[in-house]
Amino acid sequence: MKTFTIAVIAGDGAGKEVLPPAKAVLERVAKKHDVTFAFQDFEWGADHFFRWGRMMPAGAIDLLQPCDAILLGAVGHPDIPDHTTLNGLLLPIRRAFDQYANVRPAYLYPGVRSPLAGKQGGDINFVVVRENTEGEYAQVGGFVYHEQPEEVAIQTSVFTRRGIERIVRFAFELAVKRDQKRRVTSITKSNAQGYSMVLWDRVFRDVASEFPQIETESLLVDAAAMNFIRRPESFDVVVGSNLFADILSDISAIIIGSMGLAASANLDPLRRFPSMFEPVHGSAPDIAGKGIVNPLAMILSGAMMLEHLEMTQGAREIEAAVAAVLAEGKIRTRDLGGSSSTDEVTAAVLEKLS
Ligand SMILES: NC(=O)c1ccc[n+]([C@@H]2O[C@H](COP(=O)([O-])OP(=O)(O)OC[C@H]3O[C@@H](n4cnc5c(N)ncnc54)[C@H](O)[C@@H]3O)[C@@H](O)[C@H]2O)c1
């Protein structure tokens, strides 16, 4: 029997509530497919920070490295600045393991109401691919005259030909694999950012020429924000920089009904290091601890992990179970207009799986 070692970082708030449901679902699927998941829990995040002054220990990356994949809940606490939580845990993991492709599917499940009028299940079906290691989140910069009246902050974006090329190529390959609308949309702001985004446009055109069967479109990020609302059904694969795709993928998450449905993967497509799977949402401090957090985004992130581990059938089973629960419409959490608890939704998915 094959055993996969899975590092689990539940993190904070809602993260702690959505991880047990995902584990239960994965264990159920594992039984059916004759594999085992050996979960290794790492209690890192805000509590670790309050105790030790850092979000995770110094040797954290070495502890994660031998694992086959990482499941992450969410990090973030109202009493810790968000840049501390992000830079203390999430970003170092993404960078250390060169998880350069952040993949965020946006699918409107039948039975779920989009905040956009007139959209039916399946009408929205696209994937946002975000460059995940450089760009605007490269953390290059500093303060001059720190905390003085004349203070200056410098934050530099880093765009490399290699970094752009590999994420754009990933997006085209995904469009080929999806075999749906066969279209890749590139997001830039090259009218205003005349160096980084102009390089992005050039590299995009070069890579596109290798995929003549795929239609292309280039949008400025502001136009893209508008078109995610106006014509979401037209998109297939959307590729953008760290910042732009981060923001756009919150729009794509909410137009499919709830942040509680948006899954994501941080992939090292070359499989040199463990990839990490997490919901798009954060620690949701406004609802955490009440037993009402929607676990489906985390559960669907687990399905993305199975796909990466080449357990495609198991991934499809989880998606089908989630789709069935949503289509019935009886059991759903408050964010989807229901009144069920996290546990009730989890039990419903588990029942569909058996
Ligand atoms: N990847 C991450 O770990 C990550 C991502 C985003 C934000 N954060 C952190 O999370 C904290 C809160 O950030 P925020 O409020 O901007 O974003 P958030 O995603 O936590 O919450 C935004 C809204 O969506 C709702 N929501 C989120 N997840 C839900 C779920 N599973 N079920 C039902 N409703 C859900 C919340 O109740 C809230 O109204 C901050 O500290 C932030 O830095 C972490």
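Use the structure listed above.
So, here's what we can say about the structure. Worth saying up front: this structure is predicted, and the values here are computed from it rather than measured.

## Here's the deal with the sheet that holds strand 1 (residues 2-11)
Now for step 1: Spatial ordering of the open sheet is given by 2-1-3-12-11-4-5-10-8-9, a layout of ten strands whose pairing is mixed. With one partner strand each, in any of the chains shown, strand 2 (35-41) and strand 9 (215-220) form the two edges of the open sheet. Adjacent strand axes in the sheet meet at a mean angle of 25 degrees, parallel and antiparallel pairs treated alike.
Now for step 2: Of the pairings in the sheet, the one linking strand 1 to strand 3 (residues 69-74) comprises five bridges and is parallel in character.

## Digging into the pattern of salt bridges
Now for step 1: On inspection of all chains with the given rule, the structure shows 24 salt bridges.
Now for step 2: In this structure, K23 and D41 form a salt bridge, with 2.8 Å as the shortest nitrogen-oxygen distance. Taken together, the positions of K23 in helix 1 (residues 14-32) and D41 in strand 2 put the pair 18 residues apart, joining distant regions of the chain.
Now for step 3: We note a salt bridge from R183 to E217, for which the minimum N-O separation is 3.6 Å. In this pair, R183 is assigned in strand 8 (residues 183-188) and E217 in strand 9, connecting sequence segments 34 residues apart. Like R183, the residue E217 is buried in the burial classification.
Now for step 4: Through salt bridges with shared partners, one network takes in D98, R162, R166, D268 and R272.

## As for unusual backbone geometry
Now for step 1: Positioned with a positive phi, R271 is a non-glycine residue whose angle comes to about 60 degrees.
Now for step 2: Relative to the helices and strands, R271 resides in the loop between strand 11 (263-267) and strand 12 (275-279).
Now for step 3: Phi is positive for A284, close to 40 degrees, though the residue is something other than glycine.
Now for step 4: Structurally, A284 is set in the loop between strand 12 and helix 9 (296-308).

## Let's talk about the nonpolar core
Now for step 1: Counting 91 residues, the largest nonpolar core has I6, F37 and M305 as its most contacted members.
Now for step 2: For I6, the residues in contact, after removing those within four places along its chain, are F37, A38, F39, Q40, A69, L71, M305 and L309.
Now for step 3: Among the nonpolar cores identified, the runner-up in size contains 17 residues, and W44, M56, L90 and F97 belong to it.

## Some details on the side chain of S258
Now for step 1: Topologically, S258 is positioned in the loop between helix 8 (242-255) and strand 11.
Now for step 2: Within the structure, the side chain of S258 is placed 2.7 Å from the backbone nitrogen of G260, a separation counted as a polar contact.
Now for step 3: Each residue touching S258, except ones within four places of it in the same chain, is listed here: A253, D335 and L336.

## Structural notes on the packing of aromatic side chains
Now for step 1: The final tally for this structure, using the stated rule, is twelve aromatic pairs.
Now for step 2: A centroid spacing of 6.5 Å and a plane angle of 75 degrees characterise the contact between F159 and W200, whose relative ring orientation is edge-to-face. With a gap of 41 residues between them, F159 in the loop between strand 7 (152-158) and helix 5 (161-178) and W200 in helix 6 (residues 196-208) connect regions that are remote in the sequence.
Now for step 3: One aromatic cluster in this structure is built from F4, F37 and F39.
Now for step 4: Positioned above the aromatic ring of Y100, the side-chain terminus of R166 is 4.0 Å from the ring centre.

## A short note on the packing of helix 1 against helix 11 (residues 342-353)
Now for step 1: Interaxial distance between helix 1 and helix 11 falls to 10 Å at its minimum, and their mutual angle equals 10 degrees. Accordingly, the angle class assigned to the pair helix 1 and helix 11 is roughly parallel. Every residue of helix 11 that contacts helix 1 at E17, P21, A24, V25, R28, V29 and K32 is listed here: T342, T346, V349, L350 and L353.
Now for step 2: Counted by class, the contact of helix 1 with helix 11 contains seven nonpolar, two polar and three charged residues.

## Remarks on the site of the ligand
Now for step 1: Taken together, 20 residues are adjacent to the ligand, and V75, D82, G282, A284 and D286 come closest.
Now for step 2: Take D82: an N or O atom from its side chain is 2.7 Å from an oxygen atom of the ligand.
Now for step 3: For the ligand, whose unbound accessible area comes to 810 Å², protein coverage reaches 71%.
Now for step 4: Of the residues in the shell around the ligand, the class split is nine nonpolar, seven polar and four charged.

## Details of the side chain of E17
Now for step 1: Tracing the sequence through the fold places E17 in helix 1.
Now for step 2: Although E17 lies buried, it forms no salt bridge, and the closest oppositely charged side chain, K16, sits 9.2 Å away as judged by the N-O distance.
Now for step 3: Among the polar contacts listed, one links the side chain of E17 to the backbone nitrogen of G291, at a separation of 3.4 Å.
Now for step 4: Here E17 is in contact with A288, G289, K290, G291, I292, V293 and T342, once residues within four sequence places are set aside.

The rules behind each value
Residues numbered from 1 in each chain as written. Predicted model: local features only at pLDDT ≥ 70, side-chain atom pairs only at ≥ 80, totals over all residues. Heavy atoms only, no water. Pairing = 2+ DSSP bridges. Helix = DSSP H or I, 4+ residues; strand = E, 2+ residues; numbered from the N terminus. Axes fitted to C-alpha atoms, helices over the stretch in contact; angles between N-to-C directions. Salt bridge = Lys/Arg side-chain N within 4 Å of Asp/Glu carboxyl O. Buried < 20%, exposed > 50% of the residue type's maximum accessible area, 1.4 Å probe, protein only. Core = buried A, V, L, I, M, F, W, Y, C linked by side-chain atoms within 4.5 Å. Contact = heavy atoms within 4.5 Å. Polar contact = N/O pair within 3.5 Å; in protein donor to acceptor, adjacent residues only side chain to side chain. Phe/Tyr/Trp six-rings, centres within 6.5 Å; stacked < 30°, edge-to-face > 60°. Lys NZ or Arg CZ within 6 Å of the ring centre and 35° of its normal. Parallel < 35°, antiparallel > 145°, perpendicular 65-115°, else oblique. Nonpolar A, V, L, I, M, F, W, Y, C, P; charged D, E, K, R; others polar. Near = heavy atom within 4 Å. Areas by Shrake-Rupley, 256 points an atom, 1.4 Å probe, with all protein chains shown as cover. Lys, Arg positive; Asp, Glu negative; His and termini not counted.

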